[in-house]
Amino acid sequence: MLDLGRLRAIDALSRHGTVHAAAAALHCTPSAVSQQLAKLERETGAVLCHKDGRGLRLSDAGRLLAEHAALVLAAADTASAALDAYRGEVAGEVTVACFATACRGLLPPALTALNRLYPRLRPRVVETNPYEALQSLDRGRVDVAVIDDWREVRLHLPPGVSSTVLGEDTADLVVPADHALATAGPGPLDRAANERWIASPEGTICHDWLVRALPGLRPAYLVGEFETQQALVAAGLGVALLPRLARLTTAPGTVVVPVDPVPTRRVSVTWRTAHHQRPALKAVLDAITTAWSTRTTARA
């Protein structure tokens with residue numbers, strides 16, 4: 001009988017490429033991963049890894065075992081989720097990774113409902129960008145990831161991850177109240193291409209979308225918080241493109257200018273497919289979906 005812990009080690013090495021990355025995914029040290037792999041080699045009587053510089057790479061036998069390990073581990077996760085479903089109790093810890101504006105505009109009503117309905121459920125929240133959220137979900141660090149992407153910058157889900165699209169979030173151009181565009185009415189985004197821009201930092205999906213939408217753009221200010229972006233716009237320092245989920249109110253001294261065609265980002269909730277039967281996970285997904293629906297109805 002092959003040990004599940006050792007199978008997780010070879011699966012992590014196969015999925016993440018290096019011992020250090022596998023250790024990060026498994027929340028342990030690289031030495032512990034190497035020890036598990038060495039024990040697995042003794043257990044199977046096969047050479048599963050070769051030295052590759054200072055690291056390890058899988059042999060042909062290792063890749064074969066890793067393929068089957070992924071199937072075994074998925075079956076074990078499904079069995080665990082089925083047992084939770086059999087018990088039927090909404091309890092335990094569920095960790096949600098979520099991008100910043102959804103943390104502020106979407107999660108508060110969802111978490112409030114969960115605390116009221118399920119006192120034995122312990123939801124946790126980690127604020128992070130969609131790229132890191134999907135990586136954390138894939139590595140098992142979180143149970144749910146609320147992500148956003150744009151039509152021009154689509155995210156690709158890792159194998160074994162499912163998703164539901166909650167809906168679309170519209171973005172608007174926000175300019176100082178005395179700006180020439182403040183009274184111009186709806187128009188194309190590129191009419192603001194030569195303005196001084198306030199944008200999200202490099203490496204974020206909103207920044208990636210903006211520089212694709214306006215090729216050659218070099219924002220003057222790179223700011224992580226949309227509320228801070230609004231404050232800079234209000235001070236007359238530039239213009240910004242703000243999603244409506246991020247803009248719960250319009251800051252004094254600013255004017256919202258609709259863009260035509262309308263830029264939208266897709267908001268989705270994702271989870272590991274094998275865990276879908278878990279009552280606690282279902283409760284969290286339902287609460288997030290309801291919070292989105294309620295918000296959409298209220299803003300309609």
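- Looking at an unreviewed UniProt entry, one finds the protein named LysR family transcriptional regulator, with Catellatospora aurea as its source organism.
- Of the protein, the UniProt comment under Sequence similarities (unreviewed entry) reads exactly: "Belongs to the LysR transcriptional regulatory family."

**Quick word on the pattern of salt bridges**
- In this structure the tally under the stated criterion is 16 salt bridges.
- We note a salt bridge from Arg266 to Asp149, for which the minimum N-O separation is 2.7 Å. Placement of Arg266 in strand β11 (residues 264-272) and of Asp149 in strand β5 (residues 144-150) is noted, with a sequence separation of 117 residues between them.
- The buried category is assigned to Asp149, whose relative accessible area is 2%.

**Remarks on helix α2 (residues 19-26)**
- Those residues of α2 that sit buried are Val19, Ala21, Ala22, Ala23 and Ala25.
- On its buried side, α2 packs onto α1 (4-16), α3 (30-44) and β2 (55-58).
- Downstream of α2 by a residue or two, His27 has a phi angle that is positive, lying close to 60°.

**Remarks on the UniProt feature "domain: HTH lysR-type" (unreviewed entry) in the protein**
- Under the present numbering, the feature "domain: HTH lysR-type" (unreviewed entry) in UniProt falls on residues 2-59.
- Annotation note: span residues 2-59, helix share 62%, strand share 14%, distance between end C-alpha atoms 18 Å.

**Digging into the layout of surface pockets**
- Computed from the structure, the largest pocket encloses a volume of approximately 620 Å³.
- Contributing to the lining of the largest pocket are 23 residues, with Asp11, Arg15, Asp77, Asp138 and Arg272 lying nearest its centre.
- Tallied by class, the residues present in the lining of the largest pocket amount to 9 nonpolar, 7 polar and 7 charged.
- If you add up the space inside the second largest pocket, you get close to 270 Å³.
- In terms of lining, the second largest pocket is formed by 18 residues, of which the most central are Phe99, Ala100, Thr204, Gly224 and Phe226.
- Elements with a contribution of two residues or more to the lining of the second largest pocket: α5 (100-105) and α8 (205-213).
- If one sorts the elements of the lining of the second largest pocket by residue count, α5 sits on top with 3 residues.
- Residues that form the lining of the second largest pocket fall into these classes: 7 nonpolar, 6 polar and 5 charged.

About the cut-offs
Residues numbered from 1 in each chain as written. Predicted model: local features only at pLDDT ≥ 70, side-chain atom pairs only at ≥ 80, totals over all residues. Heavy atoms only, no water. UniProt positions renumbered as here; feature names shortened; annotations may be inferred. Salt bridge = Lys/Arg side-chain N within 4 Å of Asp/Glu carboxyl O. Helix = DSSP H or I, 4+ residues; strand = E, 2+ residues; numbered from the N terminus. Buried < 20%, exposed > 50% of the residue type's maximum accessible area, 1.4 Å probe, protein only. Contact = heavy atoms within 4.5 Å. 1 Å grid on protein atoms, 1.4 Å probe; cavity = no way out; pocket = protein on both sides within 12 Å on 5 of 7 lines; lining within 4 Å. Points joined across faces, edges and corners; volume = space filled by probe spheres on them. Nonpolar A, V, L, I, M, F, W, Y, C, P; charged D, E, K, R; others polar.

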